[in-house]
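# Structural overview for review
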Amino acid sequence: MVWSRVVAALVVLYLLVASPPPLLPGWALELGEAVGLILLATAAFGRLWCLLFVAGRKNEQVVREGPYSVVRNPLYVFSLLGAVGFGLAVENPLLAAVLGLGFIAYYHFVIRSEERFLLSAFGKNYSAYLNQVPRWIPSFKLYHSPRTIEVDTTKVLRGIGDAMWFVWAFVLWELVEVMRSSVLPMLRA
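Residues numbered from 1 in each chain as written. Predicted model: local features only at pLDDT ≥ 70, side-chain atom pairs only at ≥ 80, totals over all residues. Heavy atoms only, no water.

## With respect to the overall build of the chain
A count of helical and extended segments in the chain gives 5 helices and 0 strands. The order of α-helices and β-strands along the chain, N terminus first, is α-α-α-α-α. Along the longest, intermediate and shortest principal axes, the C-alpha atoms of the chain span 70 × 30 × 30 Å. Put simply, the chain has 189 residues, and 38% of those count as buried. Accessible surface computed for the chain: about 11,500 Å², of which carbon and sulfur atoms make up 70%. If you average the places of the 16 positive and of the 12 negative side-chain charges in the chain, the two averages end up 10 Å apart. (Helix = DSSP H or I, 4+ residues; strand = E, 2+ residues; numbered from the N terminus. Buried < 20%, exposed > 50% of the residue type's maximum accessible area, 1.4 Å probe, protein only. Areas by Shrake-Rupley, 256 points an atom, 1.4 Å probe, with all protein chains shown as cover. Lys, Arg positive; Asp, Glu negative; His and termini not counted. Charge placed at Lys NZ, Arg CZ, Asp CG, Glu CD.)

## So, the environment of Q132
Residue placement: Q132 occurs in helix 4 (residues 93-132). As a C-alpha pair, Q132 and V70 span 62 residues in sequence and 9.3 Å in three-dimensional space. Not counting residues within four places of it along the chain, the set of residues in contact with Q132 comprises R64 and L142. A polar atom in the side chain of Q132 sits 2.2 Å from the side chain of R64. (Contact = heavy atoms within 4.5 Å. Polar contact = N/O pair within 3.5 Å; in protein donor to acceptor, adjacent residues only side chain to side chain.)

## Details of the packing of helix 3 (residues 74-89) against helix 4
Packing of helix 3 against helix 4 brings their axes to within 7 Å, and their N-to-C directions diverge by 160°. In terms of axis orientation, helix 3 runs roughly antiparallel to helix 4. The handedness of the crossing between helix 3 and helix 4 is right-handed. Packed against helix 3, whose contacting residues are Y76, S79, L80, A83, V84, F86, G87 and L88, the element helix 4 presents P93, L95, A96, L99, G100, F103, I104, Y107, V110, I111 and E114 at the interface. (Axes fitted to C-alpha atoms, helices over the stretch in contact; angles between N-to-C directions. Parallel < 35°, antiparallel > 145°, perpendicular 65-115°, else oblique. Left-handed = near helix turned anticlockwise from the far one by under 90°.)

## Quick notes on the confidence of the model for the chain
Residues at a pLDDT of 70 or more form 94% of the chain, whose mean pLDDT is 87. Confidence, expressed as mean pLDDT per element, reaches its minimum in the chain at helix 1 (residues 2-17) with 74 and its maximum at helix 3 with 94. (pLDDT = per-residue confidence, 0-100.)

## As for helix 4
In this model helix 4 runs just 34 Å from its N-terminal to its C-terminal C-alpha over 40 residues, more than 12% under the 58 Å that 1.5 Å per residue would give. Along helix 4, the sharpest change in direction is near 130° and occurs at G123. (Expected span 1.5 Å × (residues − 1). Bend = angle between axes of the 7 residues up to and from the residue.)

## Quick look at the packing of helix 2 (residues 26-54) against helix 3
Two elements in contact, helix 2 and helix 3, have axes separated by 7 Å at closest approach and are oriented at 160°. Regarding the angle of helix 2 to helix 3, the classification is roughly antiparallel. For helix 2 against helix 3, the interelement crossing comes out left-handed. Here the contact of helix 2 with helix 3 is composed, by residue class, of 16 nonpolar, 7 polar and 2 charged. (Nonpolar A, V, L, I, M, F, W, Y, C, P; charged D, E, K, R; others polar.)

## A short note on unusual backbone geometry
Phi at E91 takes a positive value of approximately 60°, unusual for a residue other than glycine. Following the sequence through the fold, E91 ends up in the loop between helix 3 and helix 4.

Structure below.
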């Protein structure tokens, strides 16, 4: 979490002082912005979906239902979508690529560490899960979910705030764009 916040702060600082490189025509950037917003919303709602299944059970048992039935790391998959979506939403495809590749490179090691911990904590049960469910690319044919689940509402509420940062990041970016296009020119005049 600490490194993720440091990277987020550096990205925000970069966005405040630098303009996106002119790699694509305006229409493509606008289309990318729309796709980025869709990815940000998918990331936020996907993380909430994950929370319904993992909140309060994360280190107590191997969660194998809902999004955890199709991919072992759905929270990271949705966060990856959010990172790439953010880069697209701020009309910076180069940033989207750097965030996506950086995310995969960094979280590869985080996931390996988590897998070692879970393997030592849950043994054969987690080993079977490792062999049945893919790490990054969802296999929707594996999907299954119980009709009802019990959740820790305190953790779900905290997770809602975490998940909403994907959407709030877009709103904050739009405010930065408004400031750049209307307030800064007035100050320079």
